[in-house]
Amino acid sequence: MTGTLRSARATVDDRLRMWCTDGEVDHVTVRRYLVEARLLFRANGVYWASLASTPQPGPAERYVTAMGLG
């Protein structure tokens, strides 16, 4: 896939809220996880996801891999 998806925070929240209905985790927690995992990016109230690239591992993932746990 190529391209970029861009959405306002309200749109992202609405979509995640529907996805999280009757789940154990709320939409805000999922949104924060997606940002921390670099699967979703944000700036000035706009969220986007790039479909062209795979996110690079962050410090935590590299640390776990270095410990032989990944």
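Conventions used here
Here, residues in each chain are numbered from 1, in the same order as that chain's written sequence. Only residues with pLDDT of at least 70 are given local features in this predicted model, and only at 80 or more are side-chain atom pairs given and counted; all residues enter the totals for whole chains, interfaces and linings. Side-chain metrics rest on all non-hydrogen atoms present in the structure, leaving aside hydrogens and water. Numbering of helices and strands runs from the N terminus, with a helix taken as a DSSP run of H or I at least four residues long and a strand as a DSSP run of E at least two residues long. By the criterion applied in these results, polar contacts are pairs of N or O atoms within 3.5 Å in which, for protein atoms, one can donate a hydrogen and the other can accept it, and in which residues neighboring in sequence qualify only through two side-chain atoms. By definition in these notes, contact holds between two residues if any of their heavy atoms fall within 4.5 Å. To qualify as a nonpolar core, a set must consist of buried Ala, Val, Leu, Ile, Met, Phe, Trp, Tyr and Cys residues joined through side-chain atoms within 4.5 Å. For every residue, the accessible area obtained with a 1.4 Å probe (protein chains only) is divided by the maximum for its type, and the residue is called buried under 20%, exposed over 50%, and partly exposed between those limits.

1. Some words on the side chain of His 27
Then comes step 1: In this structure, His 27 sits in helix H2 (residues 27-36).
Then comes step 2: A polar contact is formed between the side chain of His 27 and the side chain of Arg 17, at a distance of 3.3 Å.
Then comes step 3: With near-sequence residues (within four places) excluded, His 27 lies in contact with Asp 13, Leu 16, Arg 17 and Cys 20.

2. Some words on the nonpolar core
For soluble globular proteins, nonpolar side chains are generally found buried alongside one another.
Then comes step 1: Residues Val 12, Leu 16, Cys 20, Val 30, Val 35, Leu 40, Tyr 47 and Ala 49 constitute the largest nonpolar core, which totals eight residues.
Then comes step 2: The biggest single contributor to this core is helix H1 (residues 9-20), with three residues.
Then comes step 3: Apart from residues lying up to four places away in sequence, Val 35 is in contact with Leu 40, Arg 42 and Tyr 47.

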